[in-house]
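Inside the fold
Okay, here's what each chain looks like letter by letter:
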Amino acid sequence: MIGPTASTTAEHTQVSAQPLIIGRNEHGISRKQFSPNAIKVLYRLKDGGFDAYLVGGCIRDILLGQQPKDFDVVTNATPDQVKKLFRNCRLIGRRFRLAHIVFGREIIEVATMRGHHEAADDKNQISQSNEQGQLLRDNVFGSIEEDAERRDFSINALYYSINDFSIHDYANGLAAINARQIEMIGDPQTRYREDPVRMLRAVRFATKLDMSIAPATEQPLTKLANLLDNIPPARLFEETLKLFLNGKAEANFLMLRKYGLFKALFPALDRILDSNPDGLEFAFIRQMFRNTDARINAEKKVTPAFIFAALLWFPLLKITKTLQAQEQLSEYDAFAQAMNKVLSENAQHIAVPKRFTLGARDIWHIQHRLDKRSGQRAYRLTQQPRFKAAYDFLLLRVEAGEKQHQELANWWTDYLKQDINGQKDMVKALGNQGASKGRRRTRRRSPKPASE
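For every chain, the first residue of the written sequence is number 1, and numbering continues from 1 onward in sequence order. Confidence filtering applies because this is a predicted model: local features only for residues at pLDDT of at least 70, side-chain atom pairs given and counted only at 80 or more, and all residues used for totals across whole chains, interfaces and linings. Computation of side-chain values: all heavy atoms of the structure, hydrogens and water removed.

The protein has the name Poly(A) polymerase I in an unreviewed UniProt entry, where Pseudoalteromonas haloplanktis is given as its organism. UniProt positions are given in the numbering used here, feature names are shortened, and annotations may be inferred rather than shown by experiment. Its UniProt record gives the protein the following Catalytic activity (unreviewed entry) comment, quoted word for word: "RNA(n) + ATP = RNA(n)-3'-adenine ribonucleotide + diphosphate".

Following this line, the structure appears as structure tokens:
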């Protein structure tokens, strides 16, 4: 355990002008644990006459015994000054300007130290917020102390200096790590209003790091959950991927539901879950996330198309029934229209790219074709690009409680194990079972010859 333990008072976590400095011999972190490219960036900035630190997650994760995935750098050089030092640099972002230093597949993100957004505007310092206090543009530069104040959680306000290899702790972050608590820096309500996505980050860090959310940081979550409605759908898509593709999807789902945050992401599904808390729908979603975690932790591939197909499945079925009743449509036609409607409604909250919505559509379509197995239908279905995902979707439905499809799932499982001759025998054994009913056609009569 390094440093002091966290305070248990209800006071907000504040940044100190005099940081706790942990020397190289005390923290035990070696430069070998950092990306060599990140170290190159630090030395290039230092040689250019600028201050530079590794900051945030990479320091936090190493102290927790985890392997960091990203190495972020903070400096007092402006984005334009960074770009002049690195030919492999590109500037991104509007809300806050960032420099990406590209080393093949690895990107080292370099941010200029942020200042208070109340600072006076000039050509390099632009800040703008809306009526709810949410920051829209935030290109305000400042000192390292001000930058620490602008960090979200105390565990992320840790800075590694390349000058003497020490860690500078500005917000009692080491104590929070030792106490295993997620603590907001400053007043949580104000900070959540500045950027409501911080509520999702609090949940994600708590599950990822196996920590609890400190009481003062936790208290406003349910009250302010609706602020997520102001976040652009494209940004919420990225945050959703971080929540559900990190190996902690089930825990994140349960915590999002606990604080009322899931409603802002998937309102239609959230209403269905509320109406039947212990029903099939909840079991299905939870099992899907549990299976997703198992695949990710086993380093197997997971496609967002499958996750979104599952999350929108029950809203899709509900809309289908409504259209059948209101517009007297066939199940097939109602299902086709419902797919368009559920994806359109979802896009108002989360902007899922077309490549994933097309995948979700394929998975849904195949669910209606899995029982049509006569002739060449079964073989042709297996040649569809999304068949394996659709088959897994059927297994998930059965696993969650749809036992009426157990026999169909068993048949497909056996079919996929057979060689071509065995598959033909299985189809023959079905007889008329598994054949498509088709649509009844009205027989046309030949027109009678005109009487003379």
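Now that the structure has been shown, we can carry on.
With respect to the overall build of the protein
When you go through the protein residue by residue, the secondary structure sums to 23 helices and twelve strands. Within the span of the protein, comprising 452 residues, buried residues form 47% of the whole. In this description, contact between two residues means that some pair of their heavy atoms is separated by no more than 4.5 Å. Taking as baseline every contact in the protein between residues at least 6 positions apart, the subset at least 24 positions apart corresponds to 68%. Strands here are runs of E lasting at least two residues and helices are runs of H or I lasting at least four, both read from the DSSP assignment and numbered beginning at the N terminus. We call a residue buried when its accessible area falls under 20% of the maximum for its residue type, exposed when it is over 50%, and partly exposed in between, using a 1.4 Å probe and counting protein chains only.

Some thoughts on the pairing of strand β4 (residues 89–92)
What you see with β4 is a clean split: Cys89 and Leu91 sit on the buried side and Arg90 and Ile92 on the side with no burial. Pairing between two strands requires that DSSP report at least two bridges joining them. As paired strands, β4 and strand β5 (residues 98–103) are joined by four bridges and run antiparallel to one another. If you follow Arg90 over to β5, its bridge partner there is His100.

So, the pattern of salt bridges
Any carboxyl oxygen of Asp or Glu that lies within 4 Å of a side-chain nitrogen of Lys or Arg is treated as forming a salt bridge with it. This model, assessed by the stated rule, comprises 18 salt bridges. Several salt bridges converge on common partners, so that one network encompasses Arg60, Asp61 and Lys208.

Brief notes about helix α15 (residues 280–297)
Along its 18 residues, α15 runs 26 Å from first to last C-alpha, staying within 8% of the 26 Å computed at 1.5 Å per residue. Turning to α15, its buried residues are Glu281, Phe282, Phe284, Ile285, Gln287, Met288, Phe289, Thr292 and Asp293. On its buried face, α15 is in contact with α11 (233–244), α12 (249–258), α14 (267–275), α16 (304–311), α17 (313–327) and α21 (387–400). Looking one or two residues beyond α15, the residue adopting positive phi is Glu299, at roughly 60 degrees. Working rule for helices: expected span equals 1.5 Å times residues minus one.

Examining the layout of surface pockets
In the cavity and pocket records, a cavity denotes points on a 1 Å grid over the protein atoms alone where a 1.4 Å probe fits but cannot get out, a pocket denotes an open set with protein on both sides within 12 Å along at least 5 of 7 lines, and lining residues are residues with an atom within 4 Å of a point. Grid points are joined across faces, edges and corners, and a volume is the space filled by probe spheres set on the points. Its boundaries defined by the atoms lining it, the largest pocket holds a volume of some 2,000 Å³. Taken together, 50 residues make up the lining of the largest pocket; nearest its centre are Asp72, Glu109, Arg201, Arg204 and Lys242. Examining the composition of the lining of the largest pocket, we find that six residues originate from one element, helix α8 (residues 197–208), more than from any other. In this structure, the second largest pocket encloses a volume near 1,200 Å³. Taken together, 34 residues make up the lining of the second largest pocket; nearest its centre are Glu331, Gln367, His368, Arg369 and Lys372. At the level of secondary structure, the elements contributing two or more residues to the lining of the second largest pocket comprise α15, α17, α18 (331–347), α19 (354–367), α20 (377–382) and α21. Among the elements that take part in the lining of the second largest pocket, α17 stands out by supplying seven residues, more than any other. When grouped by side-chain class, the residues that make up the lining of the second largest pocket number eleven nonpolar, ten polar and 13 charged. When residues are grouped by polarity, Ala, Val, Leu, Ile, Met, Phe, Trp, Tyr, Cys and Pro land in nonpolar, Asp, Glu, Lys and Arg in charged, and all others, Gly among them, in polar.

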